[in-house]
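# A closer look at the structure
The residues making up each chain are set out below.
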Amino acid sequence: MDNRVERLPFARLLRDSALELLLTLFMLFGVTSIIRWVIGPSPISGTIPQIQVELLIVGASVGILITGLILSPLGRITGGHMNPAISFAMWRFGVFPGAGVVPYIVAQLLGSVLGVVAACAVWGPVVAEPPVAYAVLQPGPGWSTLALFLAETLSMAIIVLLVGACLAVHRLAPFVPWIVGGAIGMAIVMLGTSTGGSVNPARQFGPAVLSGQTRFLWVYLLAPMAGAMLATWLRQTVQCHRFVLTHRLGGTHRDGSSLSGSTSKAFRFDR
């Protein structure tokens with residue numbers, strides 16, 4: 001396939017980073033709000049005390065939230081990453097500029113903090129108190145640091161591998177928002193009582209900083225990045241004959257048109 005390198009102007013990079021901050025803010029506000037009303041004291045938690053049922057509701061709600069943010073106008077502009085590991089993976093795939101990785105990650109981490117702060121402002125002191133505790137995640141009893149690192153690494157690797165494989169095929173690209181949302185939802189349901197099912201450094205950063213529960217924060221920050229690196233290597237090995245077409249998880253070109261059914265050239269960024 002003939003590829004053309006697209007350079008990202010500095011002004012557009014700053015704009016996209018600011019919008020990515022807003023997207024991550026909305027994500028963490030939503031996640032914290034969902035946990036406040038499903039896990040925290042509320043009619044829902046009073047009626048459904050079983051943690052697995054609560055996690056099913058949380059997982060489905062968060063999955064829909066993430067899918068919606070990816071498909072939103074802001075998500076179509078920035079790519080809807082909201083996850084440092086996704087931005088890093090897109091650079092490794094060759095469709096996101098190396099100059100954009102650090103600004104995106106900084107924006108995502110700052111958006112994480114601001115999203116939890118916004119939830120505190122809206123819902124009040126209940127957000128800071130157990131069991132909500134700023135929506136911070138902690139591994140379950142008996143989980144070692146190594147086990148947590150491996151679980152987060154493998155979970156992120158699976159998601160990035162699926163994203164990369166689908167974004168390399170025109171007809172599959174439009175399904176990526178639903179794949180990402182569904183995978184995150186499943187991680188919450190399956191890993192909620194063990195690792196927490198974060199698979200996103202930005203998901204844990206704000207809650208951990210505001211709650212002061214930072215013992216395992218380095219694992220939640222680094223393991224998804226390791227998973228992204230592993231997945232990009234695997235995809236290049238298994239699917240070496242196909243290029244990833246875009247860094248936009250919505251499966252669109254820069255002008256917003258769908259990749260589905262398109263025969264246009266893939267746009268690749270300089271690393």
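Residues numbered from 1 in each chain as written. Predicted model: local features only at pLDDT ≥ 70, side-chain atom pairs only at ≥ 80, totals over all residues. Heavy atoms only, no water.

As a further point, take the pattern of salt bridges. Evaluated as defined, the whole model comprises 2 salt bridges. The partner of D16 in a salt bridge is R12, and the shortest N-O contact between them spans 3.9 Å. Within this pair, D16 and its partner R12 are both found in helix α1 (residues 10-38), separated by 4 residues, close to a single helical turn. Summarising the burial analysis for this pair, D16 and R12 share the class buried. In this structure, the salt-bridge partner of R15 is D16, at a minimum N-O distance of 2.8 Å. With a relative accessible area of 41%, R15 lands in the partly exposed category. Three or more residues joined by partner-sharing salt bridges are found here, namely R12, R15 and D16. (Salt bridge = Lys/Arg side-chain N within 4 Å of Asp/Glu carboxyl O. Helix = DSSP H or I, 4+ residues; strand = E, 2+ residues; numbered from the N terminus. Buried < 20%, exposed > 50% of the residue type's maximum accessible area, 1.4 Å probe, protein only.)

This part takes up empty space enclosed by the protein. Rolled over the atoms, a probe as big as a water molecule pinpoints where empty space is left. One pass over the full model with this rule turns up 2 cavities of 30 Å³ or more. Computed from the structure, the largest cavity encloses a volume of approximately 110 Å³. Lining the largest cavity are 14 residues, and of these I66, H81, N83, V180 and I184 sit closest to its centre. At the level of secondary structure, the elements contributing two or more residues to the lining of the largest cavity comprise α3 (51-71), α7 (145-166) and α8 (176-191). Split into classes, the residues belonging to the lining of the largest cavity amount to 10 nonpolar, 4 polar and no charged. (1 Å grid on protein atoms, 1.4 Å probe; cavity = no way out; pocket = protein on both sides within 12 Å on 5 of 7 lines; lining within 4 Å. Points joined across faces, edges and corners; volume = space filled by probe spheres on them. Nonpolar A, V, L, I, M, F, W, Y, C, P; charged D, E, K, R; others polar.)

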